[in-house]
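So you can see what is in the structure, the chains are spelled out below.
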Amino acid sequence: MSIDSAPAGGSPVASTAVPPVVSPAPPGWPWRRAALFLAGAAQLITISALVGADPIPATWSSLLLAVAPAPLAAAAAFAPAPANLLAAVAGIVVLAVGIVAQVTFTGLFFVPALVVLAVGAVKLWRERGLSAAEGVSR
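As the structure is a prediction and not an experimental result, all values here were calculated from the model.

What counts, and where the lines are drawn
- Residues numbered from 1 in each chain as written.
- Predicted model: local features only at pLDDT ≥ 70, side-chain atom pairs only at ≥ 80, totals over all residues.
- Heavy atoms only, no water.
- Helix = DSSP H or I, 4+ residues; strand = E, 2+ residues; numbered from the N terminus.
- Buried < 20%, exposed > 50% of the residue type's maximum accessible area, 1.4 Å probe, protein only.
- Contact = heavy atoms within 4.5 Å.
- Core = buried A, V, L, I, M, F, W, Y, C linked by side-chain atoms within 4.5 Å.
- Expected span 1.5 Å × (residues − 1).
- Axes fitted to C-alpha atoms, helices over the stretch in contact; angles between N-to-C directions.
- Parallel < 35°, antiparallel > 145°, perpendicular 65-115°, else oblique.
- Left-handed = near helix turned anticlockwise from the far one by under 90°.
- Patch = residues over 30% accessible without salt bridge, like charges linked within 9 Å, V, L, I, M, F, W, Y side chains within 5 Å.
- Areas by Shrake-Rupley, 256 points an atom, 1.4 Å probe, with all protein chains shown as cover.
- Salt bridge = Lys/Arg side-chain N within 4 Å of Asp/Glu carboxyl O.
- pLDDT = per-residue confidence, 0-100.
- Polar contact = N/O pair within 3.5 Å; in protein donor to acceptor, adjacent residues only side chain to side chain.

## Notes on the overall build of the chain
- When its secondary structure is counted, the chain shows 5 helices and 0 strands.
- If you list the helices and strands of the chain from N to C, you get α-α-α-α-α.
- Here the chain, with 138 residues, has 32% of them falling under the buried criterion.
- Considering only residue pairs separated by 6 or more positions, the chain has 69% of its internal contacts joining residues 24 or more positions apart.

Have a look at this one:
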């Protein structure tokens with residue numbers, strides 16, 4: 001039994017339903033999503049380095065990099081408008097501090113995530129500025 005089958009003695013009827021309107025993603029969305037993937041990958045590397053056969057020292061900076069970057073990048077990617085810019089800026093601060101403190105161990109794995117999150121935050125800031133200039137509240 002088929003759901004979309006034609007009537008027994010006739011031709012298939014074309015649907016007159018209007019397809020749903022899909023709004024395009026904002027320009028900063030791919031950058032924030034890429035930052036989420038990169039931060040998550042670097043975070044997994046840091047966790048592996050903490051629990052591996054030759055573990056790195058469990059200092060505040062290594063634990064910061066093992067816990068905070070991916071949730072902050074996820075908030076920057078998926079949170080509503082006022083909170084996502086704050087999460088992006090917090091993520092940039094956390095990544096910068098963690099990279100400087102862990103430059104000899106796993107800090108350099110987070111540089112791509114930092115760069116991509118910074119570009120995403122700038123694009124998000126510009127999007128908010130454009131929507132405020134147009135009088136559109138988001």
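Having seen the model, we can carry on.
## Here's the deal with the nonpolar core
- Residues A76, A88, L95, F110 and L117 are the most contacted members of the largest nonpolar core, which totals 16 residues.
- Of all the elements in the fold, those that place two or more residues in this core are α1 (29–51), α3 (69–78), α4 (81–101) and α5 (111–134).

## Digging into α4
- The terminal C-alpha atoms of α4 lie 31 Å apart, and with 21 residues this matches the ideal 30 Å at 1.5 Å per residue to within 8%.
- Within the sequence span of α4, burial applies to N84, L85, A87, A88, G91, V94, L95, G98 and I99.

## Some points on the side chain of Q102
- Along the chain, the position of Q102 falls in the loop between α4 and α5.
- The exposure class of Q102 is buried, given its relative accessible area of 2%.
- Ignoring sequence-local partners within four residues, the contact set of Q102 consists of I56, T59, S61, S62, L65 and G107.

## Considering the packing of α3 against α4
- Packing of α3 against α4 leaves a shortest axis separation of 7 Å and a crossing angle of 155°. Compared by their axis directions, α3 and α4 come out roughly antiparallel. Two packed elements cross with a definite hand, and for α3 against α4 that hand is left-handed. Residue-level inspection shows P69, L72, A75 and A76 of α3 in contact with α4, the latter providing N84, A87, A88, A90, G91, V94 and L95.

## Points about a nonpolar patch on the surface
- Among the surface-exposed residues, W60, V89, V93 and V97 lie close enough to one another that they form a single nonpolar patch of about 380 Å² accessible area.
- Structurally, V97 can be placed in helix α4.

## Some points on the confidence of the model for the chain
- Of all residues in the chain, 81% have pLDDT values of 70 or greater, and the mean over the chain is 86.
- Ranking the elements of the chain by mean pLDDT puts α5 last, at 89, and α3 first, at 96.

## Some points on the environment of A77
- For A77, the location among the structural elements is in helix α3.
- Look at A77 and you get buried, because its relative accessible area is 7%.
- Between the C-alpha atoms of A77 and A34, which are 43 residues apart in sequence, the distance is 9.2 Å.
- Other than its neighbours up to four places away in sequence, A77 contacts W29 and R32.

## Quick word on the packing of α1 against α3
- Closest axis-to-axis distance for the α1/α3 pair is 8 Å, and the angle between their directions is 165°. With respect to each other, α1 and α3 are oriented roughly antiparallel. As for how α1 packs across α3, the hand of that crossing is left-handed. Where α1 abuts α3, its residues W29, R32, A35, L36, A39, G40 and Q43 lie against P69, A70, P71, A73, A74, A76, A77 and F78.

## What about the side chain of S62?
- If you trace the backbone, S62 turns up in helix α2 (residues 60–67).
- Classification of S62 as buried rests on a relative accessible area of 0%.
- A distance of 2.9 Å separates the side chain of S62 from the backbone oxygen of T59, its partner in a polar contact.
- Excluding residues that lie within four positions of it along the chain, S62 makes contacts with T46, L50, I56, P57 and Q102.

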